[in-house]
Amino acid sequence: EGRKAEAKAAHEKEKDEIVDEYWTKNQQLESEYHQCISKALTSDPCKEAFEEITRLYEEIMADFEADKGFNEAKFNEREAAKKKYNECVEESRKPESYKNKETACNETLAAGREANLADRSRKETAAKARYDEALAEAQEAYEQKSAILDSIEEKCKEFINRIKN
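First, a word on scope: everything that follows refers to the structure included in this document. (Residues numbered from 1 in each chain as written. Predicted model: local features only at pLDDT ≥ 70, side-chain atom pairs only at ≥ 80, totals over all residues. Heavy atoms only, no water.)

Tracing the sequence through the fold places K99 in helix α4 (residues 95–164). Judged by relative accessible area, which is 47%, K99 ranks as partly exposed. Along the backbone, K99 and A40 are 59 residues apart, and their C-alpha atoms lie at a distance of 9.1 Å. Polar side-chain contacts of K99 include one of 3.2 Å to the side chain of E102. (Helix = DSSP H or I, 4+ residues; strand = E, 2+ residues; numbered from the N terminus. Buried < 20%, exposed > 50% of the residue type's maximum accessible area, 1.4 Å probe, protein only. Polar contact = N/O pair within 3.5 Å; in protein donor to acceptor, adjacent residues only side chain to side chain.)

Here is the structure:
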């Protein structure tokens, strides 16, 4: 019975640890989700295009300062970058732009939760198997001990009967 109690206590402790890990991971997933939503609301999707316009402008002006004159290829490249930037701005103003980002955040959260739950289930199944094995070993040890004690008791009875006769 002592071994069974020890196995039960170890199993309860392991289950508590698994649940704690599960909830800690869920809190981490929630935090990452809120960061994702915040980024979706506040990030500048057109930053890269804007930086490209600025870089090309600086190169064009550097050419003027170095008396290289007007560089039509860079000017056309900048105009294309400006067009790309303006399209980006228009696209980002559409309501579905945020919705798409929100959907991605939701999908990431759902996938994380699903994986976390699967991990918890796998760990709980393994813990239950270890517990069942420990109980079986405890029962086997108990039965062996009982058989030994029964054998000793039988031998004692035989000895006492021999002494009496």
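Moving on, we come to the packing of helix α2 (residues 47–65) against helix α3 (residues 72–93). Between α2 and α3, the least distance of the axes is 9 Å, while the angle of their chain directions is 160°. Overall, the two elements α2 and α3 adopt an arrangement that is roughly antiparallel. Judged by the sense of rotation from one axis to the other, the crossing of α2 with α3 is left-handed. Packed against α2, whose contacting residues are A49, F50, E52, I53, R55, L56, Y57, E59, I60 and D63, the element α3 presents K74, F75, E77, R78, A81, K82 and Y85 at the interface. Among the residues forming the contact of α2 with α3, the class breakdown is 9 nonpolar, no polar and 8 charged. (Axes fitted to C-alpha atoms, helices over the stretch in contact; angles between N-to-C directions. Parallel < 35°, antiparallel > 145°, perpendicular 65-115°, else oblique. Left-handed = near helix turned anticlockwise from the far one by under 90°. Contact = heavy atoms within 4.5 Å. Nonpolar A, V, L, I, M, F, W, Y, C, P; charged D, E, K, R; others polar.)

A few words on the packing of aromatic side chains. Per the stated rule, a full pass over the model turns up 4 aromatic pairs. Summarising the aromatic geometry, the rings of Y22 and W23 are spaced 5.1 Å apart at their centres and angled 75° between planes, so their arrangement reads as edge-to-face. Judged by its relative accessible area of 12%, Y22 falls in the buried class. Owing to a relative accessible area of 48%, W23 belongs among the partly exposed residues under this scheme. Ring plane angle 50° and centroid distance 5.5 Å describe the contact between F70 and F75, whose orientation is recorded as tilted. Aromatic rings pair up to connect F64, F70 and F75 into one cluster. (Phe/Tyr/Trp six-rings, centres within 6.5 Å; stacked < 30°, edge-to-face > 60°.)

Put simply, helix α1 (residues 2–42) and α4 touch, their axes get as near as 10 Å, and they point 175° apart. For the element pair α1 / α4, the angle class is roughly antiparallel. Split by residue class, the contact of α1 with α4 holds 21 nonpolar, 6 polar and 15 charged.

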